[in-house]
Amino acid sequence: MTGMFHDPARRVENEAERTRRHAQTHGVVVGVDGSKRSLAAAVWALREATRRDLPLTLVSAYTLPIFPSVALDAGYGSMEDSALAEGAQQILAATVEQLGPTDVEIRTRVELGDPATVLTDYSSQAHLLVAGSRGRGGFMGLLVGSVSRSLPSNASCPVVLVPLGAEESRAGDNAPVVVGSDGGERGRLAILRAAEEARCRGADLRLVCAMAPVSSAVEWLPSTVDERALVDELQEKMDAGVAWLKAQVPDLNVTGEVIDGVPVDVMVAESEHARLTVVGTRGRGGFAGALLGSTSQGIIAHAKGPVMVVPFTKDKRLESRPEFGPMFDG
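Residues numbered from 1 in each chain as written. Predicted model: local features only at pLDDT ≥ 70, side-chain atom pairs only at ≥ 80, totals over all residues. Heavy atoms only, no water.

Q: How would you explain the pattern of salt bridges if you had to name every residue and give the values?
A: Enumeration according to the criterion identifies 13 salt bridges in this entry. A salt bridge links E48 to R51, with the nearest nitrogen and oxygen atoms 2.9 Å apart. With a gap of three residues between them, E48 and R51 both fall in helix α2 (residues 36–52), about one helical turn apart. Among the residues examined, E48 registers a relative accessible area of 1% and is labelled buried. By relative accessible area, R51 is classed as partly exposed at 32%. A salt bridge links R107 to E105; its shortest N-O distance comes to 2.9 Å. Judged by relative accessible area, which is 47%, E105 ranks as partly exposed. Several salt bridges converge on common partners, so that one network encompasses E48, R51, R52, R193, E197 and R201. (Salt bridge = Lys/Arg side-chain N within 4 Å of Asp/Glu carboxyl O. Helix = DSSP H or I, 4+ residues; strand = E, 2+ residues; numbered from the N terminus. Buried < 20%, exposed > 50% of the residue type's maximum accessible area, 1.4 Å probe, protein only.)

Structure, rendered in structure tokens:
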């Protein structure tokens, strides 16, 4: 299969060009509302902008209250708009000051509009979109609700949700980047992005496939089902996936493991010892199938470290995967 390998120098050059193209206008974008959680997200985003040599764009959004028509006629609406915009600008200025001296170009933007919509719009010209998780109140206050649900599923670029306290990783420098996958096409896209994240950090990459225990449902399965055989089959497919990834990124140390456990529990446990935890979106079946539902929300809500959610895009590197052996369904 030697014909499948490419010049590593050319690959790095191509990925650097792809980074510049995807970064476009905004670089690394982070939503800010003045809370401790948004500051934690901004600190993490600044480190990523530094790592990638990209600008950091701080965005604060606000919405206007609904005024009676008589109040609008009296001009109260424009007064309120001005006051809210000024308050948002003060929050951004305070956040910049808290970030401290840096060589990174920092841009601040105040936008009128729904926070989720504003950030989604920015994601179309960003390399990375970052937000705090488990927030309450203000701009980021809906992150456990509508914003956290909509950003990963609607953003054009990867979204990273940073729990409070995770802006400074508790995992050591030797900790891996961990990616959860069921081996489907969307899971493989997450794996490719996770590989890029691991390489830019000088970290190993750990692939994890969570297989929910079947022992409690054996009565519903044919008598010929062997749980150990299922695990072995999944591990064989995982190993083939690892071989494929190593062909794509030959300078990266990659391992893969099938773990018997509930996907949310497995990934939350992995996140405690990971530099970054990566998952995909819009999958079907198995682990990835619930990533727009309870599984993804469970991981985001309970992860001990930053979680990156990778949207689905086309990637020609996926075409070579069947050449490396058995694949997961989906």
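Q: So, the side chain of T57: which residues are in play, and what are the values?
A: By the element assignment, T57 lies in strand β2 (residues 56–62). Given the relative accessible area of 0%, T57 is considered buried. Of note is the side chain of T57, whose polar atom sits 2.8 Å from the backbone oxygen of H26. If sequence neighbours within four positions are ignored, T57 has contacts with H26, V28, V29, V30, R107, R109 and Y122. (Polar contact = N/O pair within 3.5 Å; in protein donor to acceptor, adjacent residues only side chain to side chain. Contact = heavy atoms within 4.5 Å.)

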